[in-house]
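# Residue-level structure breakdown
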Amino acid sequence: AGVLASLCDTLAAALDESGQRKLLDEMELPLARVLADMERIGFAIDAAGIRAFGDSLRGELDGILHNIYTEVGYEFNVNSPKQLGEALFDKLGLPPRKKTARGYSTDAETLESLRPYSPVIDEILKYRTYAKLLSTYVDGLLNAEAADGRVHSTFIQTEARTGRISSTEPNLQNIPIRTELGSQLRAYFVAKPGCVLVDADYSQIELRILAHITGDEHMQQAFLNGEDIHRSTAAKIYGIPQSEVTPRLRSSAKAINFGIMYGKGAYSLSKDIGVTVKEADAFLKNYLAAFPSVSGYMDKTIADAKANGYVSTLFGRRRTLPELASTNFNVRASGERMARNTPIQGTAADVIKLAMVRVWKRLRDEKMASRLILTVHDELIVEAPEAEAEQAARILREEMEGCVQYAVPLSTDVHAGKNWLEAH
């Protein structure tokens, strides 16, 4: 304990020197109170509904296992990679993809590539999805239920390198949404009697920050005019009117809009949009030619990061990137991807944190009973008495959209409902 006082002085000096004092005082410390409050309040769950959902999943799993055993011709442990490999490659004679030290690989990528060869692959993938839902979410949530009928997650401010908040025991930030079955789980996160959940999320915040940081006029104009950014991007890349953009072109543009921020190359982009590497490469080049300021920003960010050894968000939060000095090509490439992405994702994380502090304070200042109970990346959820729902929605929108002034508006989608599925 005696050492801490002098350590405090040393760290305070380092904070001042790196210009991050304001970040600590105005964002992280106030946020610690907000998160403590959210942990204490918790999120109500419908435990009986989750149990019934679990029972139906178990029934489905029995049927899926039966199908797998019938197809293979004998019973085995589907969870054992060794036994699964033997069933697929030795018994059914499917073409093996890659070998590991312990035998054949049966990872998700391998199984995906084997889909055309046997109907059993679909069943195995379905089995894995259902088993994961059951063990991680159904059992996990029921075990985490406290005496008050709510789950009290732990929020961590210092885990994610980009500055994002993470959640654990239970992790409420990875409740599935992509699959219909997974998103059903959200229906069991409920508002307490007499209340509703008001859910607000930023619409495409990272792309809006990209438009602001790069200064790209076309992107900024699209957001200012309220256009569909992916359609507008596709039209610009191909030099065609927006009315001629097909759904396929739009989804390719969407993949590249997000891919560019994560530093994706032609190979991983080709997988995302289902084209050859050559086509994806041409697509990337067209994009960078159509959006020169984005291309220039990416190059400059990487060059600055190499010179300084770190990147910063618009709020001055730093992330050191020793990877950029590595002699290993893969490590260096990963450092470059982080250099591109961190200023954008990190700024989005900072904006959300600032919004949380402001929403929390405003609900108190206006003497409301509504409470902030969860954040999931770019989404905030307030549990509000029915009579306060409209006021809570207005506060969420005003504070989230007004906490920073950028070249493009940060717009939000706000909905209310009795449960999380309805409110999202």
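Structure's up top.
Residues numbered from 1 in each chain as written. Predicted model: local features only at pLDDT ≥ 70, side-chain atom pairs only at ≥ 80, totals over all residues. Heavy atoms only, no water.

### Digging into the overall build of the protein chain
Within the protein chain, the secondary structure is distributed over 17 helices and 12 strands. The C-alpha radius of gyration of the protein chain comes to 24 Å, within 12% of the 22 Å expected for a compact globule of 424 residues. C-alpha extents for the protein chain along the principal axes are approximately 65 × 60 × 55 Å. Relative to its full complement of 424 residues, the protein chain shows a buried share of 47%. Of the accessible surface of the protein chain, which amounts to about 20600 Å², a share of 52% is contributed by carbon and sulfur atoms. In the protein chain, 50 side chains carry a positive charge and 56 a negative one; their mean positions are 4 Å apart. (Helix = DSSP H or I, 4+ residues; strand = E, 2+ residues; numbered from the N terminus. Rg over C-alpha atoms; globule rule 2.2 N^0.38 Å. Buried < 20%, exposed > 50% of the residue type's maximum accessible area, 1.4 Å probe, protein only. Areas by Shrake-Rupley, 256 points an atom, 1.4 Å probe, with all protein chains shown as cover. Lys, Arg positive; Asp, Glu negative; His and termini not counted. Charge placed at Lys NZ, Arg CZ, Asp CG, Glu CD.)

### Brief notes about the packing of aromatic side chains
Per the stated rule, a full pass over the model turns up nine aromatic pairs. Taking 5.6 Å as the distance between ring centres and 40° as the angle between the ring planes, the aromatic pair formed by Phe53 and Tyr188 counts as tilted. Note that Phe53 is positioned in helix H3 (residues 47-72) and Tyr188 in the loop between helix H7 (180-184) and strand S7 (195-202), a separation of 135 residues in sequence. For Phe53, a relative accessible area of 4% translates into the label buried. Its relative accessible area of 15% is what places Tyr188 among the buried residues. Each member of the aromatic cluster is reached from another via a ring pair, and the members are Phe43, Phe189 and Trp420. Its guanidinium or amino end placed over the ring of Tyr104, Lys99 lies 4.7 Å from that ring's centre, counting from NZ or CZ. Over the ring of Tyr310 we find Arg318, and its NZ or CZ is 4.0 Å from the ring centre. (Phe/Tyr/Trp six-rings, centres within 6.5 Å; stacked < 30°, edge-to-face > 60°. Lys NZ or Arg CZ within 6 Å of the ring centre and 35° of its normal.)

### Focus: the pattern of salt bridges
By the definition in use, this model includes 29 salt bridges. Of the charged contacts in the structure, one is a salt bridge between Arg362 and Glu399, with a shortest N-O distance of 2.8 Å. Of the two residues, Arg362 sits in helix H15 (residues 329-365) while Glu399 sits in helix H16 (residues 389-402), which places them 37 residues apart along the sequence. Each member of the salt-bridge network shares a partner with another, and the members are Arg358, Arg362, Glu366, Arg394, Glu398 and Glu399. (Salt bridge = Lys/Arg side-chain N within 4 Å of Asp/Glu carboxyl O.)

### Notes on the side chain of Thr106
Relative to the helices and strands, Thr106 resides in the loop between strand S3 (103-104) and helix H5 (108-114). The buried category is assigned to Thr106, whose relative accessible area is 7%. For Thr106, the residues in contact, after removing those within four places along its chain, are Pro81, Leu84, Gly85, Phe89, Leu111 and Arg128. (Contact = heavy atoms within 4.5 Å.)

### Notes on the environment of Ala392
Position of Ala392 among the secondary structure elements: in helix H16. Note on Ala392: relative accessible area 1%, which makes it buried. In contact with Ala392, not counting residues within four places along its chain, are Val198, Met368, Ser370, Val382 and Ala384.

### A look at the pairing of S7
Side-chain direction in a regular strand flips from residue to residue, so the side chains alternate between the two faces of the sheet. Within S7, eight of the eight residues are buried, leaving the element largely enclosed by the surrounding structure. The alternating pattern of S7 places Cys195, Leu197, Asp199 and Asp201 on one face and Val196, Val198, Ala200 and Tyr202 on the opposite face, and all of these are buried. With seven bridges joining them, S7 and strand S11 (residues 379-385) adopt antiparallel strand pairing. By the bridge assignment for S11, Cys195 is matched with Pro385. Across six bridges, the pairing between S7 and strand S12 (residues 412-417) is antiparallel. (Pairing = 2+ DSSP bridges.)

### Quick notes on unusual backbone geometry
Here the amide bond leading from Glu169 into Pro170 is cis, since omega sits at -5°, within 30 degrees of zero. Mapped onto the elements, Pro170 comes out in the loop between strand S6 (166-168) and H7. Following the sequence through the fold, Glu169 ends up in the loop between S6 and H7. A positive phi angle, close to 50°, is found at Gln204, a residue other than glycine.

### Points about the sheet that holds S7
Reading across from one edge, S10-S11-S7-S12 is the order of the four strands in this open sheet, with antiparallel pairing throughout. Only two strands of the sheet have a single neighbouring strand rather than two, namely strand S10 (371-376) and S12. Between one strand axis and the next, the sheet turns through 20° on average, direction left out of account. (Axes fitted to C-alpha atoms, helices over the stretch in contact; angles between N-to-C directions.)

### Focus: a nonpolar patch on the surface
On the surface, a nonpolar cluster with roughly 390 Å² of combined accessible area is contributed by Val3, Leu4, Leu7 and Leu11. Note on placement: Leu4 falls in helix H1 (residues 4-17). (Patch = residues over 30% accessible without salt bridge, like charges linked within 9 Å, V, L, I, M, F, W, Y side chains within 5 Å.)

### Points about the packing of helix H8 (residues 205-214) against helix H11 (residues 247-261)
The interhelical angle for the contact between H8 and H11, taken along N-to-C directions, is 65°, at an axis separation of 11 Å. The angle between H8 and H11 places the two elements in the roughly perpendicular class. Here H8 and H11 pass one another in a crossing that is left-handed. Contact residues: Glu206, Leu207 and Leu210 in H8; Asn257, Phe258, Ile260 and Met261 in H11. Split into classes, the residues belonging to the contact of H8 with H11 amount to five nonpolar, one polar and one charged. (Parallel < 35°, antiparallel > 145°, perpendicular 65-115°, else oblique. Left-handed = near helix turned anticlockwise from the far one by under 90°. Nonpolar A, V, L, I, M, F, W, Y, C, P; charged D, E, K, R; others polar.)

### Digging into helix H13 (residues 277-290)
Every α-helix winds through 3.6 residues per turn, so residues three or four apart in the chain are directed the same way. Over its 14 residues, H13 runs 20 Å from end to end, which matches the ideal 20 Å to within 8%, given 1.5 Å per residue. The set of residues buried in H13 consists of Ala280, Phe283, Leu284, Tyr287 and Ala290. With its buried residues spanning 130° around the axis, H13 presents them on a single face. Away from its buried face, by an angle of more than 90 degrees, H13 presents the exposed residues Lys278, Lys285 and Ala289. (Expected span 1.5 Å × (residues − 1). Arc of directions from axis to C-beta.)

All quantities given are derived from atomic positions and should not be read as evidence of function.
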